[in-house]
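Structural features, examined
Here are the chains, one letter per residue:
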Amino acid sequence: MKTTTHSLAAAFAGMALLVAGCGALPDKPARATLYDFGPGLTATAAAAATAPAAAPTAAALPTLALAEFESNTRLDGTQILYRLGYADVNELRPYGQSRWSQPPAQLLRQRLRDSLAERRMVLGPEESATIARSKGEVPDTLRISLDEFSHYFDSPTASVGLVRLRATLIRGTTGGDRVLGQKTITVRRPAPSADAPGGVKALAAASDAAVAEVTQWMDALQRQPRQ
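Report follows, based on the coordinates.

What counts and what doesn't
- Residues numbered from 1 in each chain as written.
- Predicted model: local features only at pLDDT ≥ 70, side-chain atom pairs only at ≥ 80, totals over all residues.
- Heavy atoms only, no water.
- Phe/Tyr/Trp six-rings, centres within 6.5 Å; stacked < 30°, edge-to-face > 60°.
- Helix = DSSP H or I, 4+ residues; strand = E, 2+ residues; numbered from the N terminus.
- Buried < 20%, exposed > 50% of the residue type's maximum accessible area, 1.4 Å probe, protein only.
- 1 Å grid on protein atoms, 1.4 Å probe; cavity = no way out; pocket = protein on both sides within 12 Å on 5 of 7 lines; lining within 4 Å.
- Points joined across faces, edges and corners; volume = space filled by probe spheres on them.
- Nonpolar A, V, L, I, M, F, W, Y, C, P; charged D, E, K, R; others polar.
- Axes fitted to C-alpha atoms, helices over the stretch in contact; angles between N-to-C directions.
- Parallel < 35°, antiparallel > 145°, perpendicular 65-115°, else oblique.
- Left-handed = near helix turned anticlockwise from the far one by under 90°.
- Contact = heavy atoms within 4.5 Å.
- Polar contact = N/O pair within 3.5 Å; in protein donor to acceptor, adjacent residues only side chain to side chain.
- Pairing = 2+ DSSP bridges.

1. With respect to the packing of aromatic side chains
The description of two aromatic rings rests on the distance between their centres and on the angle between their planes. All chains considered together, the criterion is met by five aromatic pairs. Their ring planes at 75° and their centres at 6.1 Å tell us that Y82 and F153 sit as a pair that is edge-to-face. Here Y82, found in strand 4 (residues 79-84), pairs with F153, found in strand 7 (residues 140-153); they are 71 residues apart in sequence, far enough to count as distant. You'll find Y82 and F153 in the same group, each marked buried. Aromatic ring contacts, followed pair by pair, group F37, W100 and F149 into a single cluster.

Laid out in structure tokens, this is it:
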């Protein structure tokens, strides 16, 4: 009987430790909030508002190949990054619980492709290679290098979405590739708040403005006679 009592006491003690242990387990980590550029209407509206009155139709401009974007390794991930320009401008810092749904270069490339496709056929690298093999036609290739994409703080209370990219239009010829033009675009748009949601809104607006500028530049270049 004494042995049975000791066994029951040990069992209850074990259950108490188990319950206490469960109570000490860490909470499930919070899921990061995902952001993108929105439904895709802003870029179209911006491009339409700044386009010439007699804009050509899509069929009037040559087919274009849009290469995959190049970017530094820090922009290859999905972190939303910010810089404290008033403290250490060289340090990129990530927001803890906020992420892009895709790497910024991919989000920006899709936005640009949608805008360019309003006036011409836009192909990916593989589609362009297929046409070159089957028809002997080599479309112009647009290459984009994304150099800066951050929520930039000029002060603790004033910040902008900062986007800087370099666009290069390449034309393939029998004598090799030729650069038709190159343009560096830097856009700053004010952030409505000094946090991740504010940075997202500012970067989306800056991206739309950069896309509109690249689109207009491309339209002008592709209207030039092919040599």
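Text resumes after the structure shown.
2. Remarks on empty space enclosed by the protein
Counted according to the given criterion, the structure contains one cavity of 30 Å³ or more. Space inside the largest cavity adds up to approximately 40 Å³. Contributing to the lining of the largest cavity are F69, L108, L112, I144, L165, A210, V211 and V214. For the lining of the largest cavity, the secondary structure elements donating two or more residues are helix 3 (104-116) and helix 5 (196-222). Take the lining of the largest cavity: its biggest share by element is three residues, from helix 5. Split by residue class, the lining of the largest cavity holds eight nonpolar, no polar and no charged.

3. Brief notes about the packing of helix 3 against helix 5
The N-to-C vectors of helix 3 and helix 5 enclose an angle of 45°; their axes lie 9 Å apart at closest approach. Taken together, the axes of helix 3 and helix 5 lie oblique to each other. As for how helix 3 packs across helix 5, the hand of that crossing is right-handed. Here L108, R111, L112, S115 and L116 of helix 3 come into contact with helix 5, specifically with S207, D208, V211, V214, T215 and M218. Classifying every residue of the contact of helix 3 with helix 5 gives six nonpolar, three polar and two charged.

4. Some remarks on the side chain of S145
If you trace the backbone, S145 turns up in strand 7. Exposure remark for S145: the relative accessible area of 9% places this residue in the buried category. A polar contact is formed between the side chain of S145 and the side chain of D147, at a distance of 2.9 Å. With near-sequence residues (within four places) excluded, S145 lies in contact with E70, R164, L165 and R166.

5. Re the pairing of strand 7
With twelve of its 14 residues buried, strand 7 lies for the most part within the structure. Pairing analysis gives three bridges linking strand 2 (residues 64-66) to strand 7, with the strands arranged parallel. Among the inter-strand pairings, L64 is bridged to a residue of strand 7, identified as D140. Note: strand 3 (residues 70-71) against strand 7, two bridges, orientation parallel. Along strand 7, the bridge assignment pairs E70 with S145. In this structure, strand 4 lies alongside strand 7, joined through three bridges in parallel fashion. What sits directly across from L84, in strand 7, is F153. For strand 7 and strand 8 (residues 159-173), the ladder comprises twelve bridges, and the chain directions are antiparallel.

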